[in-house]
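Observations on chain architecture
This is what each chain is made of:
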Amino acid sequence: MRKFVYLLLIILLQCNSGFAQDNRQRTSETIVMDVLAQLPASDKTKFDQNMHELAATGKSSVEVLANMMRPADEGKNSSIEYAISGLVSYVTSPDNKQFVSGVREGLRNSIEKCAFNTGKAFLISQLQLCSEKEDLQLFVKYLDNKELSSPVMNAIIATQESDDTILELIKDRKAA
């Protein structure tokens, strides 16, 4: 009988440990899917909690979200774009600056991997909101693309310390 009780206790303990899970054990994909299921959030506190979960994963959540984007004729991007723009807004607030570099890296990587111009334009517009001088070369890379030239020029102008880049573009007659 005693062996049976011990065996039952061991089984119950193992089953109980299977239910315990914290954020560090979830993958970026799981976090993204959980957050998307909760958007739009019912209040600012819940929204901030969701964005904090995305921000804490750094570049990977941005890359997962961006990878889910599709051209307009293939799917709806509204919830994905809402999550990305909410994340950028969250990390650019003064209290959350520690997350900006990871989100910037995720946006840069996602721009490079995105296969359609409307997606690239959206991601460029989001990077513009948190861009730094190091992002200028990425922007310039897409300046010759007619569909992206306007969002790219806006991003270059919005980036601090972009004066030298703008002058170079004018000298090279790429900026008109």
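I will try to describe carefully the structure that is included in this document. (Residues numbered from 1 in each chain as written. Predicted model: local features only at pLDDT ≥ 70, side-chain atom pairs only at ≥ 80, totals over all residues. Heavy atoms only, no water.)

1. Examining helix H6 (residues 100–113)
Spanning 14 residues, H6 covers 20 Å between terminal C-alpha atoms, matching the ideal 20 Å at 1.5 Å per step. Of the positions making up H6, those classed as buried are Val 100, Gly 102, Val 103, Arg 104, Gly 106, Leu 107, Ser 110 and Ile 111. Elements that come into contact with the buried residues of H6 comprise helix H4 (59–68), helix H5 (78–91), helix H7 (117–128) and helix H8 (136–141). (Helix = DSSP H or I, 4+ residues; strand = E, 2+ residues; numbered from the N terminus. Expected span 1.5 Å × (residues − 1). Buried < 20%, exposed > 50% of the residue type's maximum accessible area, 1.4 Å probe, protein only. Contact = heavy atoms within 4.5 Å.)

2. Topic: the nonpolar core
Residues Ile 84, Leu 107 and Leu 123 are the most contacted members of the largest nonpolar core, which totals 46 residues. For this core, the secondary structure elements donating two or more residues are helix H2 (28–37), helix H3 (44–56), H4, H5, H6, H7, H8 and helix H9 (149–158). In terms of residue count, H5 provides more of this core than any other element does, 7 residues in total. Those residues in contact with Leu 107, other than ones at most four positions away along the chain, are Val 62, Ile 84, Val 88, Leu 123, Gln 126, Leu 127 and Cys 130. (Core = buried A, V, L, I, M, F, W, Y, C linked by side-chain atoms within 4.5 Å.)

3. Observations regarding the environment of Arg 108
With respect to the element layout, Arg 108 can be found in helix H6. Overall, Arg 108 belongs to the partly exposed group, its relative accessible area being 23%. Separated by 27 residues in sequence, Arg 108 and Asp 135 place their C-alpha atoms 7.9 Å apart. Those residues in contact with Arg 108, other than ones at most four positions away along the chain, are Leu 127, Asp 135 and Leu 138.

4. Things to note about the packing of aromatic side chains
Throughout the structure, instances matching the rule amount to 2 aromatic pairs. For the ring pair Phe 47 and Tyr 82, a centre distance of 6.2 Å and an interplane angle of 65° mean the geometry is edge-to-face. You can see Phe 47 sitting in helix H3 and its partner Tyr 82 sitting in helix H5, a full 35 residues away along the chain. Here Tyr 82 falls in the partly exposed class, since its relative accessible area comes to 36%. (Phe/Tyr/Trp six-rings, centres within 6.5 Å; stacked < 30°, edge-to-face > 60°.)

5. Brief notes about the pattern of salt bridges
Applying the stated criterion across every chain yields a total of 9 salt bridges. For Lys 44, the salt bridge identified is with Asp 48, shortest N-O distance 2.9 Å. Of this pair, Lys 44 and Asp 48 both sit in helix H3, separated by 4 residues, roughly a single helical turn. Exposure remark for Lys 44: the relative accessible area of 60% places this residue in the exposed category. (Salt bridge = Lys/Arg side-chain N within 4 Å of Asp/Glu carboxyl O.)

6. Side note on the environment of Val 140
Structurally, Val 140 is set in helix H8. Taking the C-alpha atoms as reference points, Val 140 and Met 153, 13 residues apart in sequence, are found 8.3 Å from one another. Aside from chain neighbours lying at most four places away, what touches Val 140 is Val 152, Ile 156, Thr 165 and Leu 169.

7. As for the environment of Gly 86
For Gly 86, the location among the structural elements is in helix H5. Taking C-alpha positions, Gly 86 is 9.0 Å from Asp 48, a pair spaced 38 residues apart along the chain. When sequence neighbours within four positions are dropped, the list of residues in contact with Gly 86 reads Phe 47 and Met 51.

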